Amino acid sequence: MENLSSSENQSRDSAARNRSPDWIGESTRSLLDRAQTGDEKALEEIFSRYLPRLMRWATGRLPRAARDIVDTGDLVQDSLIKVVRSLDGIRDRNPGTFPAYLRKAVLNRLHDEARRASRRPDMKSLAGTEPDSMPSPLDETIGHDLAAHYEAALLRLNAGDRAILFLSIEMRMSYHEIAKAMDKPSDDAARMAVVRAGIRLAREMRDARET
Amino acid sequence: MTWTLTEAVFARRIDAVGIDVDEAPSVEQPLLQEMRLIARVIAAHEERQQTPDKSKGTSATDNQADHRETWDPLVILEKIGEGTFGEVFRAREPRLDRQVALKFFRPYKLSVSQMTSDVIEEGRLLARVHHPNVVSIYGAKYLNGKFGIWMEFIEGTTLEDIVTEQGPRSAIEAMEICRDLCQALAALHAAGVLHRDIKARNVMREHDGRVVLMDLGISCEIDHEIPVRQYGTPLYAAPEAFLSAESSPQGDIYSLGVLLYFLVSGRYPVTGATLADIHAAHEAGRSVSLASEHPGLPNSLLHIVEKALATNPAERFKTASEFKEALNKAMVEVVRPHHGSSRAGSPTGDRQAYNHYLQGRHFFNQRYQNGLPKAIECFRQAISRDPSFALAHVGMADCLSHLSYQNYLRPREGFAKARAMAERALDFDPELGEVHATLGWISMFFDWDFAASEEHFRQALQICPQYPLTRQWYALMLSSRGRDEEAMAEVEAGRDLDPSSLIMSVEAVVLFFAGYQREAIPLFQMAAETEPDSWYHNTQLGMATWFGGQRELAEAPLRKAIQISKGSEAYTVALLAHVLIHTHRKDEAHGLTEHLDTLAHQRPVSYYHRMTPWIELDRYDKWGPLLESAIEERDSFLSWIRPIICWKEWLADPRFADPLRKAGLVE
């Protein structure tokens, strides 16, 4: 086992996770504040930060059978607009609220759309199953049981941990991006927060299995 | 910020998908099991995030992101090769602003985790091999569904192309090439790595003559079920490779023997139309001796090839170093009658070459007054008149290593060339003492291997105790390690040999780091007065007065040094920035840091010097990556971290100290 130090981890961070070096600048909280005052550029920046990743993430969450019917792009874009429009309600809270709220909003919307799609006769006969049990690409990759085990443990965490793990594990943002999104003072601090939230998640998963 | 073991283990899970951490015994197993599950969730999302989104309504930003040819941390530029193993691309590593070759492997195992583990572990192992004749591996990982390894980008021609286009090489040229490859193999074998695919196509010769062994043992394409493919190309495969899946260093030595055979003849000792033919030829002992293939070659070369190609592995050279020694002896036998070079007599039979050498040394002594380019030209002329003139090679090696020390050349590139030049000198004259002083310097400032450095200096002292540079450089090495009294003893011994400003400067440095700042400052002052136009001596004086408690005297010599060097010396600029920061003139200091960044776009600039003002400004976001790059590029100035006063408090910060400790620079 290598002796890992904080600095070594830092170097791995920059090498392994710094996917978007052009993502340098304002924190998400500041952008949200500006967007709330009607600043179009801030809104655009929020969109460019979240939309591409969110769309790819959502595609992995939507059952394959439903993807021919549901337009993931429109769905995610709608959700994002709705969340940003509700800025008044969330802007003064914890910085993790925005991503956590975003995740929930998109998941709800995906669920609704999948359910709606399954009501169509052709869809149901094609899938041969109800929407809740229809496997998403994620289910197919890691197995439905593991996906559910992970999801249940994630929901038991507090909103801040949920948000940071959503950004890190699911959106695969770099620590630099996470630092901006979660108002962390440095990339290193973001990394530490991710790791600690991740360990809490692992403990939740372990405890759930033991009980 | 410190990490618990659990956190460190989990961090690895998050950052490096596929790396196994099961060997963490103190992390409880149920938790590790959940971490592994989370890693699978991460891998699934990673794949999803790297998959281009085909859904309707994709935004322009998304499209841009999807089509950007990046494979973190690299920007892919162009495809430059393809083989059964996969594809090779020319790429750029923006963070370090360097070109690299990126090789993607085709999956050869069903298990992604197993293959990831193979590639990454092998990459890590190879990354530890630092040798000028071995392509440097920079990194390996699994990302976006691809197994990749990135390495030094070599511009040159393969030996196969050279022989095909220009015909077989002379005995001496072939032996020189193989001697370099022996050194490469020795370095690999010492690191526990077998190459397993040595052939003319896997060796590049750069335009400046550097020979580089490519395609290291990343033999991912090799199917381990088929023993005959253990050694890649069957024409180069040792007979035992057709019988057993076991690999050994003797297999590499055999292949190198075939390569030597090929270089001088353009042919192979054992041939066949098919794999079975070659196998059968080995079985039947049907090989063509080099003597019959190419009569007239020196006997010593024929014996070497014969020994390397012995059917019984036990009868071959036992090690690559033994192979190299045999080549060295053979080369001396071949070269001497033509050049009459002998250490026992005159260092060269060519008086003109010797004059060039002496002139080169004169300019080398003015190395801090732009003497190095002139010195290089003199040594180049000396070598062109007498290619086996060992001392001229040493002079050239000294110039290259000092250019690298001062970052006029990138340390990795420059020190590699310096070492190659020094080793060439040693080949021409194994008894040469001066070359060990050079190697001692390289070991200290590039390898950071202080024990090896000391070994070289001691050897140099033993062979030629009157050589002044040994005393000076050994003193600096001892001083950097806190061995102040021994350092002073070397200064004393060296003073009579070279009573110049340089030994004065060395003495000043040694005294200064030993804590005798008050005694050191007058010496720095004298060196600066002796050579008033030296940016270096003025900078040293500024440094000494500032850190020696005479702060009010520091700025003037620093500004003078800036003026002399026209702001091109990063050491001076960084020191002045330091002074400005501590005298509440941060705006001007910021201007200087920006100047360093601009300078870095024009020529190599020490990462260390770029880092230092940011540390003073407490900007970890800036200095963290620069420290990382300084270590990665093996910035020579890091060798001085230990005694430099201003770092003492920073060494309590793990962000600063841990990488240095890992690099062996501080205890």
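Provided above is the structure to which this section pertains.
Rules used in this analysis
Residues numbered from 1 in each chain as written. Chains lettered and ligands numbered in written order. Predicted model: local features only at pLDDT ≥ 70, side-chain atom pairs only at ≥ 80, totals over all residues. Helix = DSSP H or I, 4+ residues; strand = E, 2+ residues; numbered from the N terminus. Buried ≥ 20, exposed ≤ 12 C-beta atoms within 10 Å, placed from the backbone. Contact = placed C-beta atoms within 7 Å. Pairing = 2+ DSSP bridges. Axes fitted to C-alpha atoms, helices over the stretch in contact; angles between N-to-C directions. Parallel < 35°, antiparallel > 145°, perpendicular 65-115°, else oblique. Left-handed = near helix turned anticlockwise from the far one by under 90°. Nonpolar A, V, L, I, M, F, W, Y, C, P; charged D, E, K, R; others polar.

**Here we look at the overall build of chain B**
Step number 1: Scanning chain B from terminus to terminus reveals 28 helices and nine strands.
Step number 2: Per-residue burial for chain B yields a buried fraction of 50% across its 667 residues.
Step number 3: Considering only intrachain contacts with a sequence separation of at least 6, the fraction spanning at least 24 residues in chain B is 58%.

**So, the pairing of strand β6 (residues 146-152) of chain B**
All names here are of chain B.
Step number 1: For β6, a buried count of five out of seven residues is recorded, marking the element as mostly surrounded by other parts of the structure.
Step number 2: One ladder, built from six bridges, connects strand β4 (residues 98-105) with β6; its direction is antiparallel. Within β6, the residue paired with Val100 across the bridge is Glu152.
Step number 3: Hairpin connection of strand β5 (residues 137-143) to β6: two residues between the antiparallel strands, including Asn144 at a positive phi of 55 degrees.

**Concerning the sheet that holds strand β9 (residues 211-213) of chain B**
Sheets are built from strands that pair by backbone hydrogen bonding, the pairs being arranged parallel or antiparallel.
Residue and element names in this part refer to chain B.
Step number 1: Read from one edge of the open sheet, three strands run β7-β8-β9, paired in antiparallel fashion. In the strand order of this sheet, the two ends are held by β7 (156-158) and β9, each with one partner. Across the sheet, the mean angle from the axis of one strand to that of its neighbour is 30 degrees, orientation sign disregarded.
Step number 2: Bridge count between β7 and strand β8 (residues 203-206): three bridges; the pairing is antiparallel. Within β8, the residue paired with Gly156 across the bridge is Glu206.
Step number 3: With respect to the sheet, helix α6 (residues 171-190) is in contact with β8 and β9, its orientation differing from that of β9 by roughly 40 degrees.

**Some thoughts on the packing of helix α14 (residues 390-405) of chain B against helix α16 (residues 434-447) of chain B**
Residues and elements named next belong to chain B.
Step number 1: Their axes nearest at 9 Å, the elements α14 and α16 cross at an angle of 20 degrees. Looking at the two axes, α14 sits roughly parallel to α16. For the element pair α14 and α16, the recorded crossing hand is left-handed. Residues Leu391, Val394, Ala397, Asp398, Ser401 and Tyr405 of α14 form the contact with α16, whose own contacting residues are Glu434, Val435, Thr438, Trp441, Ile442 and Phe445.
Step number 2: Taken together, the residues that form the contact of α14 with α16 break down as eight nonpolar, two polar and two charged.

**Topic: the sheet that holds β5(B)**
Residue and element names in this part refer to chain B.
Step number 1: One open sheet holds the six strands; their spatial order is β1-β2-β3-β4-β6-β5, and the pairing between them is antiparallel. The strands lining the two open edges of the sheet, one partner per strand, are β1 (70-71) and β5.
Step number 2: In this structure, β1 lies alongside strand β2 (residues 74-82), joined through two bridges in antiparallel fashion. Bridge pairing links Trp71 to Leu74 in β2.

**Re unusual backbone geometry**
Residue and element names in this part refer to chain B.
Step number 1: For Asn407, which is not glycine, the phi dihedral falls at a positive 70 degrees.
Step number 2: Within the secondary structure, Asn407 sits in the loop between α14 and α15 (411-428).
Step number 3: The phi torsion at Lys566 lies on the positive side, around 55 degrees, for a residue other than glycine.
Step number 4: Relative to the elements of secondary structure, Lys566 occurs in the loop between α23 (555-565) and α24 (570-582).

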